[in-house]
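Structural overview for review
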Amino acid sequence: MPPVSSEAGRARARFTFLGPEGTFTEAALRQIPEVAESDVTPSSSVISALAAVRAGDADYAMVPIENSVEGGVSATLDDVASGDDLQILAEVLVPISFVLVGREGIGLDEVCRITTHTHAWAQVRGWADAHLPSAEFTPASSTAAGARLLLPQPHDDGTAAPAFDAAVCAPLVAEQTGLPVLAERIEDTAGAVTRFVLVGRPGPLPEPTGSDKTTLTVPLPDDHPGALLEILEQFSTRGINLSRIESRPTGSGLGQYFFSIDLEGHLAEERVQAALAALHRIFPGVRFLGSYPRAVERMVKVPTHMSDAAYRSGREWVAGLLQR
Ligand SMILES: O=C(O)C(=O)Cc1ccccc1
């Protein structure tokens, strides 16, 4: 990422994340070296974390964007697609494994009410169907927030039972809270990975590394036949590979969609600039959400005729023709 910057006059950068302490998002944030020297404050939702950045109450927010099993995190994809512009500065991958923690004194066979984040539930549903078929699920704002609902609440006199019997969360949360672990490694798919992004306000781009991604959203006009094909053509004719493309409803009516796209390349590259300029010509609502290094390095192989040198030489040739 570019050098971490804080608002004028403030010495330390301010980071926020989908909290509370112990979420997978916090594990992602702790992978950013600059965080050790910065102020870190949890947010209670993805939307409030991004709102804090937009309002200038935080400089950066870490939020989940995509899971290898469950797909896109709609709260993030939708929020960055509208409102004041934001910019992705880095991506982080976190391997995901879940435990089931219980409220004090409960056994696995007594669990009737489970809470966790919807993305966690989607990844343990098979295990829950097999082991706790009649348990009822209630969504929580995050895995760690769900687990904390099993602790005696500050206003309790100790007689009220928690509203839930068990929660699905990271093993770290069991250590942090002392909640008993009822079952371990309960994910249905071993090796699941969640991708998180560090988001700031628009500013300088991270330097190109040759192993970069660029994220965009493209709203689809409903009177534009072949729109998807036209979007894809801008990338394919310039040899640009897409690593993610998904459609999301805009929320403004049935049939209104935008595409959320990750492509392999950096805005500093001529072929990416050319594709974006063409997209903007056809779909003026296109939104640039940042160019940043891939978490796992994979150098992009650019065909010779799509290289910066080839673009430059084409431009110079045309300029020469005009000067004859
Ligand atoms: O709730 C969390 O801990 C999160 O960070 C969101 C999430 C939930 C499930 C898998 C990955 C991330």
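Residues numbered from 1 in each chain as written. Predicted model: local features only at pLDDT ≥ 70, side-chain atom pairs only at ≥ 80, totals over all residues. Heavy atoms only, no water.

This paragraph deals with the sheet that holds strand β6 (residues 99-102). Taken in spatial order, the five strands of this open sheet run β8-β7-β9-β6-β10, and their pairing is mixed. The two strands at the open ends of the sheet, each matched to only one other strand, are β8 (136-139) and β10 (181-183). On average, each strand axis in the sheet is tilted by 35 degrees relative to the strand beside it, whichever way the strands run. Pairing geometry for strand β7 (residues 113-116) and strand β9 (residues 166-169), over two bridges, is parallel. Residue pairing for β9: I114 is matched across the bridge by A166. This element, helix α4 (residues 118-131), spans β6, β7, β8, β9 and β10 of the sheet and lies at about 135 degrees to β7. (Pairing = 2+ DSSP bridges. Helix = DSSP H or I, 4+ residues; strand = E, 2+ residues; numbered from the N terminus. Axes fitted to C-alpha atoms, helices over the stretch in contact; angles between N-to-C directions. Contact = heavy atoms within 4.5 Å.)

Moving on, we come to the side chain of D59. Following the sequence through the fold, D59 ends up in the loop between α2 (46-54) and β3 (60-67). Taking relative accessible area as the criterion, D59 reaches 4% and is therefore assigned buried. A distance of 3.3 Å separates a polar atom in the side chain of D59 from a polar atom in the side chain of R201. (Buried < 20%, exposed > 50% of the residue type's maximum accessible area, 1.4 Å probe, protein only. Polar contact = N/O pair within 3.5 Å; in protein donor to acceptor, adjacent residues only side chain to side chain.)

Tracing the backbone shows A167 in strand β9. Judged by its relative accessible area of 0%, A167 falls in the buried class. Residues A167 and L93, spaced 74 residues apart in sequence, show a C-alpha to C-alpha distance of 23 Å. Once you skip the residues sitting within four places of it in the chain, A167 turns out to touch V99, L100, V101, I114, T115, G146, A147 and L150.

With that settled, the discussion passes to unusual backbone geometry. Omega for the peptide link from G19 to P20 comes to 0 degrees, which places this bond in the cis form. You will see that R185, though not glycine, has its phi angle at about 45 degrees, which is positive. Counting through the fold element by element, R185 comes out in the loop between β10 and β11 (193-200). Residue classification places R185 among the exposed residues on the basis of a relative accessible area of 67%.

This next bit is on the site of the ligand. Taken together, 13 residues lie near the ligand, and T23, F24, T25, S142 and T143 sit nearest. In this structure, an oxygen atom belonging to the ligand sits 3.0 Å away from a main-chain N or O atom of F24. Between the ligand and T143 there is a distance of 2.4 Å, counted from an oxygen atom to a side-chain nitrogen or oxygen. Relative to its unbound accessible area of 320 Å², the ligand is 99% covered by the protein chains. Looking at the shell around the ligand, the element that brings in the most residues is α4, giving three residues. Both domains that furnish three or more residues to the shell around the ligand are identified here as domain 1 (12-95 + 194-203) and domain 2 (99-184). (Near = heavy atom within 4 Å. Areas by Shrake-Rupley, 256 points an atom, 1.4 Å probe, with all protein chains shown as cover. Domains from an automatic or database assignment.)

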